[in-house]
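Results of the structural survey
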Amino acid sequence: MHELSLASDIIDTVKQTLSHEELPSLRKIVLEIGAYSGVVPDSLSFSFEAITAGTELAGAELEIINIPFRLKCNQCKTEAEPEYPIMLCENCGSSDTVVISGDELKFKEFKISESEE
Amino acid sequence: MEIIKIERKVLAKNDAVASEIRSALQENGVFAVNIVSSPGSGKTTLVEKTIEHFSGRMNISVIEGDVQTDLDAQRVSAYNVPVVQIITNGGCHLDAGLVKDSMKSLDLVSTDFLIIENVGNLVCPAGYDLGEDMKVVVISVTEGDDKPLKYPKMFMNSKVLVINKIDLLPYVNCNINQLRSNALKINPDLKVFEVSCTTGEGINAWCDFIENSI
């Protein structure tokens with residue numbers, strides 16, 4: 001359900017950014033989605049497709065760039081991509097760490113083309 | 001193919017409204033918490049016990065979020081505090097727009113402490129800033145000690161963890177030390193309280209923390 005409201009937010013932003021004439025030419029909406037953003041990319045694409053069907057955005061699809069969870073240790077300076085978002089350094093066990101990436105949920109670009117290539 | 005760069009968060013609109021809420025709360029000297037948890041962890045009972053604790057000493061207002069019914073608002077209104085019920089009609093979380101609308105029915109000037117009780121859901125509310133000072137995640141021992149690892153974002157984005165129903169520990173398969181350590185692996189800065197809303201154990205410590213935060 002969360003993905004459905006996000007898909008609707010995405011369409012709002014598209015409509016604010018592009019002119020009415022440009023909407024049918026929108027082919028791809030490129031998004032960056034982090035591994036612990038809480039968003040399921042497949043569900044988001046499904047929701048987007050479902051609510052754009054039969055509208056001026058029917059020719060557009062989501063292109064999702066998955067961003068891994070990355071952590072940097074302030075103590076031993078190790079950078080790692082842990083499988084789970086655990087904030088402890090895999091190398092020295094310190095909790096003095098910073099998240100470098102993994103929380104993203106953002107637009108990157110729109111791809112527009114007259115032809116449906 | 002033409003490329004239009006658009007570097008913007010998907011939730012930018014929500015975040016902008018959340019900033020407006022945060023400013024309004026600060027201007028009026030209101031401290032706000034956003035209480036999140038699975039359904040049935042005891043959020044509403046924690047709200048009731050908190051109101052009871054501060055009765056006569058602090059002006060509390062409450063926003064209740066639920067998918068359906070105003071049952072929680074009815075419960076809370078028995079304590080004679082202003083309460084607004086948001087019914088999301090299927091929506092799995094509160095967003096800043098809903099909270100902003102509901103705040104029109106509250107008098108912020110005479111509120112010291114605003115409690116927003118989110119929809120019971122350990123996933124979606126984690127991503128939505130409501131303009132609160134802090135998210136407080138509640139988990140009950142009946143849910144098991146592995147939940148922080150399974151639903152990390154909520155624990156990562158919260159400042160406080162309230163472990164509820166500790167009176168049931170003898171009857172359930174939950175190792176509270178493991179629960180605490182799992183939560184701290186996800187967020188080493190979490191402030192943890194162990195409470196039983198049924199017996200009242202730990203409620204004073206939680207409320208002292210709130211009082212010192214205001």
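This write-up is about the structure you can find in this document. Everything numeric here is computed off the predicted structure, so don't read it as measured data.

Next up on the list: the interface of chain B and chain A. Across the contact, 26 residues belong to chain B and 33 residues belong to chain A. When the two sides are added together, the surface that chain B and chain A hide from each other amounts to roughly 2,700 Å², 64% of it contributed by carbon and sulfur. The largest share of the area that chain B buries against chain A comes from M1, I6 and V10 of chain B, three residues that together contribute 25% of it. Summed over the shared surface of chain B and chain A, the number is 4 salt bridges. Our count for the contact surface shared by chain B and chain A stands at 11 residue pairs in polar contact (both at pLDDT 80 or more). Breaking the side of chain B that touches chain A down by element, the ones donating at least two residues are β1 (2-9), α6 (152-156) and α7 (176-186) of chain B. When residues in the side of chain B that touches chain A are grouped by element, the largest group, 8 residues, is from β1 of chain B. Here the side of chain B that touches chain A is built from residues that sort into 15 nonpolar, 3 polar and 8 charged.

Residue and element names in this part refer to chain B. Under the definition given, this model contains 21 salt bridges over all chains. Two residues, K100 and E20, come together in a salt bridge whose shortest N-O distance is 2.8 Å. A residue pair is termed long-range when its members are at least 10 positions apart, and K100 in helix α4 (residues 96-103) and E20 in helix α1 (residues 12-27) qualify at 80 residues. For K100, a relative accessible area of 37% gives the class partly exposed. With relative accessibility at 40%, the residue E20 sits in the partly exposed group. Two residues, D129 and R22, come together in a salt bridge whose shortest N-O distance is 2.8 Å. Residue D129 is found in the loop between β5 (113-117) and β6 (134-140), and its partner R22 is found in helix α1; the two are separated by 107 residues along the sequence.

The pairing of strands in a sheet happens through backbone hydrogen bonds and is either parallel or antiparallel. Read from one edge of the open sheet, 4 strands run β2(A)-β1(A)-β6(A)-β1(B), paired in mixed fashion. A single partner strand is all that each edge strand has here, and the edge strands are β2 (61-67) of chain A together with β1 of chain B. Here the strands of the sheet are splayed against their neighbours by 20° on average, with no regard to which way each runs. Direction of pairing for strand β1 (residues 26-34) of chain A relative to strand β6 (residues 105-112) of chain A: antiparallel, over a ladder of 7 bridges. Looking at the pairing, I33 of chain A lines up with L105 of chain A of β6 of chain A.

Residue and element names in this part refer to chain B. Where strand β3 (residues 60-66) and strand β4 (residues 83-87) come together, 5 bridges link them in parallel fashion. Residue pairing across strands places G65 opposite I86, the latter belonging to β4. In this region the chain leaves β3, passes through helix α3 (residues 71-77) and returns to the parallel neighbour β4; the handedness of that crossover is right-handed.

All names here are of chain B. Core analysis: the biggest nonpolar cluster contains 27 residues, and V33 and W206 have the highest contact counts within it. Breaking this core down by element, the ones donating at least two residues are β2 (31-36), α2 (43-54), β3, β5, β6, β7 (160-164) and α8 (203-213). It is α8 that contributes the most residues to this core, 5 residues altogether. Setting aside residues up to four positions removed in sequence, W206 forms contacts with L46, T50, V136, V160, V162 and F193.

About the cut-offs
- Residues numbered from 1 in each chain as written.
- Chains lettered and ligands numbered in written order.
- Predicted model: local features only at pLDDT ≥ 70, side-chain atom pairs only at ≥ 80, totals over all residues.
- Heavy atoms only, no water.
- Contact = heavy atoms within 4.5 Å.
- Buried area = accessible area lost by both parts, 1.4 Å probe.
- Salt bridge = Lys/Arg side-chain N within 4 Å of Asp/Glu carboxyl O.
- Polar contact = N/O pair within 3.5 Å; in protein donor to acceptor, adjacent residues only side chain to side chain.
- Helix = DSSP H or I, 4+ residues; strand = E, 2+ residues; numbered from the N terminus.
- Nonpolar A, V, L, I, M, F, W, Y, C, P; charged D, E, K, R; others polar.
- Buried < 20%, exposed > 50% of the residue type's maximum accessible area, 1.4 Å probe, protein only.
- Pairing = 2+ DSSP bridges.
- Axes fitted to C-alpha atoms, helices over the stretch in contact; angles between N-to-C directions.
- Right-handed = clockwise from strand over helix to strand, strands pointing away.
- Core = buried A, V, L, I, M, F, W, Y, C linked by side-chain atoms within 4.5 Å.

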